[in-house]
Amino acid sequence: MAARAPVASGRLLVGFRKWYYNMCGFNKIGLLRDDTIYENADVKEALRRIPERTYNDRMFRVKRALDLSMKQQILPKDQWTKYEEDVHYLTPYLDEVVRERKEKEEWMKK
């Protein structure tokens with residue numbers, strides 16, 4: 001009986017994540033989760049490191065989202081970003097930048 005609880009809560013958690021993802025609204029204008037990260041110094045460095053094609057795709061999504069936002073429109077439902085299709089393209093680069101910054105700060109303390 002106890003073995004079934006984590007499975008049920010896992011499905012429940014995934015269901016909640018999907019619900020929350022759709023409620024945020026950025027998927028309705030074609031953005032990915034990583035497109036919505038606040039751009040501080042670490043994020044700017046991570047953006048500098050991503051491949052050019054990925055950066056250009058990001059800029060297209062952001063410009064399209066700004067255009068839709070100005071027009072107070074959303075994309076047709078078949079063009080919304082789905083939870084399963086959302087790729088965390090920036091997160092690995094951002095993790096690396098943060099790790100390097102912390103390592104540099106440790107070296108500066110010594």
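Residues numbered from 1 in each chain as written. Predicted model: local features only at pLDDT ≥ 70, side-chain atom pairs only at ≥ 80, totals over all residues. Heavy atoms only, no water.

Novice: Quick question: what am I supposed to make of the pattern of salt bridges here?
Specialist: Working definition: two side chains of opposite charge can pair if their charged atoms are close together. For the structure shown, the criterion picks out 15 salt bridges. Across the pair Glu45 and Arg49 runs a salt bridge whose closest N-O atoms are separated by 2.9 Å. Residue Glu45 and its partner Arg49 are both found in helix 2 (residues 41-49); the two are separated by four residues, about one turn of the helix. Look at Glu45 and you get partly exposed, because its relative accessible area is 22%. Note on Arg49: relative accessible area 27%, which makes it partly exposed. Measuring nitrogen to oxygen at the nearest pair gives 3.7 Å for the salt bridge that ties Lys109 to Glu106. Of the two residues, Lys109 and Glu106 are both situated in helix 4 (residues 91-109); the distance of three residues between them amounts to about one turn of the helix. The class for Lys109 is exposed, based on a relative accessible area of 66%. (Salt bridge = Lys/Arg side-chain N within 4 Å of Asp/Glu carboxyl O. Helix = DSSP H or I, 4+ residues; strand = E, 2+ residues; numbered from the N terminus. Buried < 20%, exposed > 50% of the residue type's maximum accessible area, 1.4 Å probe, protein only.)

Novice: For this particular structure, what's the right way to read the packing of aromatic side chains?
Specialist: Centre-to-centre distance and the angle between the planes together describe a pair of aromatic rings. Here the structure, examined in full by the defined rule, presents four aromatic pairs. Seen from their ring centres, Tyr21 and Phe26 are 5.1 Å apart, and the 85° between their planes marks the pair as edge-to-face. Judged by its relative accessible area of 7%, Tyr21 is buried. Of the aromatic side chains, those joined through ring pairs into one cluster are Phe16, Trp19 and Tyr20. (Phe/Tyr/Trp six-rings, centres within 6.5 Å; stacked < 30°, edge-to-face > 60°.)

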